[in-house]
Amino acid sequence: MSITVRFFASVRERLGKAQEIIDSAGIYNVADVWKQSARTALPDNLLAAVNMEYARPDQPVRDGDEVAFFPPVTGGAP
């Protein structure tokens, strides 16, 4: 039983990894996935998605899910 975790942009650079597979035992929500993968508390401004849909830190996750973390999206010309 596992959860695929993906990291994008500056999050990937900071953690030094683009993807990780973690054991889903004891993982209940997005914040748990981050804590298991990054070994730190989930930053307030970090965005997450579960199975390609935006997710809150308290969103439940299940075995087989894909959870992605990425920095806030900015840009564009005024």
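My aim in this report is to walk through the structure given alongside it, one point at a time. (Residues numbered from 1 in each chain as written. Predicted model: local features only at pLDDT ≥ 70, side-chain atom pairs only at ≥ 80, totals over all residues. Heavy atoms only, no water.)

Looking at the pattern of salt bridges
Here comes step 1: Counted under the stated rule, the structure contains three salt bridges.
Here comes step 2: The salt bridge partner of arginine 56 is aspartate 58, with a shortest N-O separation of 3.0 Å.
Here comes step 3: Relative accessible area serves as the criterion here: at 47%, aspartate 58 is assigned to the partly exposed category. (Salt bridge = Lys/Arg side-chain N within 4 Å of Asp/Glu carboxyl O. Buried < 20%, exposed > 50% of the residue type's maximum accessible area, 1.4 Å probe, protein only.)

Structural notes on the environment of threonine 40
Here comes step 1: Summarising the element assignment, threonine 40 is placed in the loop between α2 (30-38) and β3 (47-50).
Here comes step 2: What threonine 40 contacts, discounting residues up to four positions off in sequence, is Trp34 and Lys35. (Helix = DSSP H or I, 4+ residues; strand = E, 2+ residues; numbered from the N terminus. Contact = heavy atoms within 4.5 Å.)

Considering the pairing of strand β5 (residues 66-70)
Here comes step 1: Counting buried residues in β5 gives four out of five residues, a clear majority hidden from the surface.
Here comes step 2: Pairing analysis gives four bridges linking strand β1 (residues 2-7) to β5, with the strands arranged parallel. Residue pairing for β5: phenylalanine 7 is matched across the bridge by phenylalanine 69.
Here comes step 3: Note: β3 against β5, four bridges, orientation antiparallel. Paired with alanine 49 across the two strands is alanine 68, which belongs to β5. (Pairing = 2+ DSSP bridges.)

Overview of the side chain of aspartate 65
Here comes step 1: Among the structural elements, aspartate 65 can be located in the loop between β4 (53-55) and β5.
Here comes step 2: The side chain of aspartate 65 sits in the buried core without any salt bridge; arginine 62 is the nearest counter-charge, 4.7 Å away. (Lys, Arg positive; Asp, Glu negative; His and termini not counted.)

Quick notes on the packing of aromatic side chains
Here comes step 1: This model, assessed by the stated rule, comprises four aromatic pairs.
Here comes step 2: With centroids separated by 6.2 Å and ring planes inclined at 20°, the aromatic side chains of phenylalanine 7 and phenylalanine 69 adopt a geometry described as stacked. With phenylalanine 7 in strand β1 and phenylalanine 69 in strand β5, the pair connects residues that are 62 residues apart, well separated along the chain. Phenylalanine 69 shares its class with phenylalanine 7; the two are buried.
Here comes step 3: Seen from their ring centres, tyrosine 54 and phenylalanine 70 are 5.9 Å apart, and the 55° between their planes marks the pair as tilted. With a gap of 16 residues between them, tyrosine 54 in strand β4 and phenylalanine 70 in strand β5 connect regions that are remote in the sequence.
Here comes step 4: A residue is classified by how much of its surface remains accessible, and tyrosine 54, at 62% relative accessible area, is exposed.
Here comes step 5: Joined through ring pairs, the aromatic side chains of Phe7, Trp34 and Phe69 make up one cluster. (Phe/Tyr/Trp six-rings, centres within 6.5 Å; stacked < 30°, edge-to-face > 60°.)

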